[in-house]
Amino acid sequence: EAGVVQSPRYKIIEKKQPVAFWCNPISGHNTLYWYRQNLGQGPELLIRYENEEAVDDSQLPKDRFSAERLKGVDSTLKIQPAELGDSAVYLCASSGGRARETQYFGPGTRLLVL
Amino acid sequence: AQSVTQLGSHVSVSEGALVLLRCNYSSSVPPYLFWYVQYPNQGLQLLLKYTTGATLVKGINGFEAEFKKSETSFHLTKPSAHMSDAAEYFCAVGAPGGNEKLTFGTGTRLTIIP
């Protein structure tokens, strides 16, 4: 069974530029999460989807961050414009099925904003 | 509200020695508890989880953890450390029944001394 797929793995951009990250969850998983992991910290939730509905986006900085999961499968997280403080690892996770409390993580996208 | 405290941001043990990584949690509801491991430039991999039932849970790679409600703890142990155990370990707490967000600790970096 394929795991959570993310791309790109690394991204370097200049501040004020836009950037987008893509995630494909494990097949059949209805719940998709985007987390941000700052250096030396644990992941923090940005947004959670149930199918195509964003059910928890309370920690998403909505002035510059947006996300979508149009068909309830893969998802895109966008930052526009990026700031220096956005440098972090962006992790996607999914859960579903009988053990829906277990989140499976992708390898992450490491973003560096210069 | 939920929170996790991991005591010791860095732990070093000799190869073959006992590994003990400490985790204390705070939760207003019966918690689901998780340990994840993160190798360099990779996502998080589930080691083990506690949801209900037996309080001593066994995970992959010889790790186990014990849920102690009276101490609000979920410490991770392994009887004999191996060089391949060197990684970052994260304790996380979630709400029961669900697929809601996980709240992570700040992580413990485990170093194995040959």
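Everything in this summary refers to the structure shown in the same document.

Parameters at a glance
Residues numbered from 1 in each chain as written. Chains lettered and ligands numbered in written order. Predicted model: local features only at pLDDT ≥ 70, side-chain atom pairs only at ≥ 80, totals over all residues. Heavy atoms only, no water. Contact = heavy atoms within 4.5 Å. Buried area = accessible area lost by both parts, 1.4 Å probe. Salt bridge = Lys/Arg side-chain N within 4 Å of Asp/Glu carboxyl O. Polar contact = N/O pair within 3.5 Å; in protein donor to acceptor, adjacent residues only side chain to side chain. Helix = DSSP H or I, 4+ residues; strand = E, 2+ residues; numbered from the N terminus. Nonpolar A, V, L, I, M, F, W, Y, C, P; charged D, E, K, R; others polar. Pairing = 2+ DSSP bridges. Axes fitted to C-alpha atoms, helices over the stretch in contact; angles between N-to-C directions.

## Section: the interface of chain B and chain A
Between chain B and chain A, the residue contacts involve 21 residues of the former and 24 residues of the latter. Carbon and sulfur atoms make up 48% of the area that chain B and chain A hide from each other, which totals about 1800 Å². Inspection of the region where chain B meets chain A yields one salt bridge. The tally of links from chain B across to chain A stands at seven residue pairs in polar contact (both at pLDDT 80 or more). The set of elements that each furnish at least two residues to the side of chain B that touches chain A consists of strand E4 (32–38) and strand E5 (44–50) of chain B. Sort the elements by how many residues they give to the side of chain B that touches chain A and E4 of chain B lands first, with four residues. Of the residues that constitute the side of chain B that touches chain A, the class distribution is eight nonpolar, 10 polar and three charged.

## Focus: the sheet that holds strand E3 (residues 19–24) of chain A
All names here are of chain A. The strand order across the open sheet formed by four strands is E1-E3-E8-E7, and the pairing between neighbours is antiparallel. The open sheet has two edge strands, strand E1 (5–7) and strand E7 (65–68), and neither has a second partner. For this sheet the average axis-to-axis angle between neighbouring strands, irrespective of direction, equals 15°. Sheet analysis places E7 next to strand E8 (residues 75–79), joined by four bridges and oriented antiparallel. What sits directly across from Ala-67, in E8, is Leu-77.

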